[in-house]
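# Topology and contacts: notes
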Amino acid sequence: MGGRMTRRLVAAGVSVTGYDLRPGQAESVGAAAAAALGEVCDGTSAVLLSLPDSRAVEAVVLGDRPSSDGLLDFARPGQVLIDLSTSAPSSTRRLHDLAAERGVGYLDAGISGGAAAAEKGTLTIMAGGSSAVLDSVRWVFEPIAAKLVFMGASGAGHSVKLLNNFLNAVTLAATAEVMVAARAAGLDLAAVLDVINSSSGVSFASLNRFPHIIRGDYLEGGLTSNLMTKDVVAYVDHVRELGVPCLNAAGPLASFGAAANLGYGEQISNRVVDAIGDLAGGIRLSDATGSSERADAS
């Protein structure tokens, strides 16, 4: 996702300096490569983070304390750090406060829309932090997002991100199960989706994912099953901190956990439908030519 957003920024004429642990990654998306992490703060007004989770974000922002090698050790007063990751709101608030002590702005900016929206620059961004700081860097979001919503104080953007991702996980896993059941029942899958998408069972998954999946296009390149599981666990931790009962996490945790155990963990989370199909005796919604079939269980 970070690479896709970088391409959009570069295409819009924004000069980007990138740092990645993988050699050549920054150059491959049009950024000038930084030899060391701290170089991304040199001559820039905003530093964007796109990382797997709060543990990675904290390691990058704070470094390996007590040594001084995190972004906060290089950031200048007035500079803005923007966390585009799916992070724990409690961690985000802590980093925001530490940044504020140094006069550095810190925004949480959860993103949604998937790989396709990142490619097109039509992401939805939910932001938390100071509204004044957000206004100062709105130009950063223009090439990558079609919708930018200020959610409130620090952590609010990442809170909404976790809530949204949980619904995404629930509806993807549930729709996958339903479509496998529809296939087992011998139903026309396109007709089933037509009914669902005109009825009360409609969701982002049924509208935007499964019309492709039943034709054999899994929309590769998006969130993996392992990362989806990580996001659901982060949601569970968040609502526990809020004192809200968590009654619906077992389904997606079981579904994406099964996907990981069956070998789909590092593939796009849409492959959860194949994991459920495996457990149902080898059902596949389609083959490469788009015809429905029952595959041999792997």
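Residues numbered from 1 in each chain as written. Predicted model: local features only at pLDDT ≥ 70, side-chain atom pairs only at ≥ 80, totals over all residues. Heavy atoms only, no water.

Before going further, it helps to examine the overall build of the protein chain. Within the protein chain one finds 13 helices and 9 strands. Dimensions of the protein chain along its principal axes, counting C-alpha atoms only, are 65 × 45 × 35 Å. Across the protein chain, contacts joining residues at least 24 apart in sequence account for 61% of those joining residues at least 6 apart. For the protein chain, the accessible surface area stands at approximately 13700 Å², while carbon and sulfur atoms represent 55% of it. Here the protein chain contributes 22 positively and 30 negatively charged side chains, and the mean placements of these two sets differ by 3 Å. (Helix = DSSP H or I, 4+ residues; strand = E, 2+ residues; numbered from the N terminus. Contact = heavy atoms within 4.5 Å. Areas by Shrake-Rupley, 256 points an atom, 1.4 Å probe, with all protein chains shown as cover. Lys, Arg positive; Asp, Glu negative; His and termini not counted. Charge placed at Lys NZ, Arg CZ, Asp CG, Glu CD.)

Moving on to the nonpolar core. Side chains of nonpolar character tend, in soluble globular proteins, to be buried together. Core analysis: the biggest nonpolar cluster contains 32 residues, and Leu-172, Met-179, Phe-210, Phe-256, Val-272, Val-273 and Leu-285 have the highest contact counts within it. Listed by contribution, the elements that provide at least two residues to this core are α8 (156-184), α9 (189-196), α10 (204-213), α11 (225-242), α12 (250-264) and α13 (272-279). With 8 residues, the single largest contributor to this core is α8. Core analysis: the next-biggest nonpolar cluster, separate from the first, contains 23 residues, Val-16, Ala-31, Ala-109 and Ile-125 among them. (Core = buried A, V, L, I, M, F, W, Y, C linked by side-chain atoms within 4.5 Å. Buried < 20%, exposed > 50% of the residue type's maximum accessible area, 1.4 Å probe, protein only.)

Enumeration according to the criterion identifies 10 salt bridges in this entry. Asp-231 is the partner of Lys-230 in a salt bridge, and the nearest nitrogen-oxygen pair spans 2.7 Å. Lys-230 sits in the partly exposed class, given a relative accessible area of 22%. Asp-231 gets classed as buried once you look at its relative accessible area, which sits at 3%. Among the salt bridges present, the one from Asp-274 reaches Arg-271, with a minimum N-O distance of 3.1 Å. Comparing Asp-274 with Arg-271, the two get one shared label, buried. Because the salt bridges share partners, they merge into one network encompassing Glu-220, Arg-271, Asp-274, Asp-278 and Arg-284. (Salt bridge = Lys/Arg side-chain N within 4 Å of Asp/Glu carboxyl O.)

As a further point, take helix α3 (residues 54-62). All of the buried residues in α3 are Ser-54, Val-57, Val-60, Val-61 and Leu-62. Those residues of α3 that are buried are in contact with β3 (46-49), β4 (80-83), α4 (89-101) and β5 (105-112). Structurally, the start of α3 carries an N-cap: the backbone nitrogen of Arg-55 is 3.3 Å from a side-chain oxygen of Asp-53. After α3 finishes, the residue Gly-63 shows a positive phi value of roughly 75°. (Polar contact = N/O pair within 3.5 Å; in protein donor to acceptor, adjacent residues only side chain to side chain.)

Bringing unusual backbone geometry into the picture now. Even without a glycine there, the phi angle at Leu-219 is positive, about 60°. Within the secondary structure, Leu-219 sits in the loop between α10 and α11.

Considering all chains together, one arrives at 1 aromatic pair under this definition. The cationic tip of Arg-271 hangs over the ring face of Tyr-218; the distance from NZ or CZ to the ring centre is 3.5 Å. (Phe/Tyr/Trp six-rings, centres within 6.5 Å; stacked < 30°, edge-to-face > 60°. Lys NZ or Arg CZ within 6 Å of the ring centre and 35° of its normal.)

We now examine the domain arrangement of the protein chain. Note on interface size: it is often stated as the accessible area lost on association of the parts. On domain assignment, one finds that the protein chain holds domain 1 (1-152) and domain 2 (160-280). A C-alpha centroid distance of 28 Å is found between domain 1 and domain 2. With 13 residues of domain 1 in contact, the opposing surface of domain 2 contributes 11 residues. On the domain 1 side of the contact with domain 2, Thr-86, Pro-89 and Met-126 bury the most area, a combined 42% of that side's loss. Across the domain 1-domain 2 interface, the total number found is 0 salt bridges. When contributions to the side of domain 1 that touches domain 2 are tallied by element, the ones reaching two or more residues are α4 and β5. The leading source of residues in the side of domain 1 that touches domain 2 is β5, at 3 residues. In terms of residue class, the side of domain 1 that touches domain 2 is built from 6 nonpolar, 5 polar and 2 charged. (Domains from an automatic or database assignment. Buried area = accessible area lost by both parts, 1.4 Å probe. Nonpolar A, V, L, I, M, F, W, Y, C, P; charged D, E, K, R; others polar.)

Here we take up the confidence of the model for the protein chain. A low pLDDT score tells you not to read the predicted coordinates there in detail. Put simply, the protein chain has an average pLDDT of 93, and 95% of its residues get 70 or more. Here residues 288-298 is a poorly scored stretch, pLDDT under 50, and it has 31 contacts once near neighbours within four places are set aside; other chains count. (pLDDT = per-residue confidence, 0-100.)

Moving on, we come to the sheet that holds strand β6 (residues 123-128). Strand order across the open sheet formed by 5 strands is β3-β4-β5-β6-β7, with mixed pairing between neighbours. Edge strands, defined here as strands with exactly one partner in the open sheet, are β3 and β7 (145-152). Along the sheet, successive strands turn relative to each other by an average axial angle of 25°, direction set aside. Relative to β5, β4 is paired through 4 bridges, and the arrangement is parallel. What sits directly across from Asp-83, in β5, is Asp-108. Contacts from α8 reach β4, β5, β6 and β7, with the element oriented near 15° to β5. (Pairing = 2+ DSSP bridges. Axes fitted to C-alpha atoms, helices over the stretch in contact; angles between N-to-C directions.)

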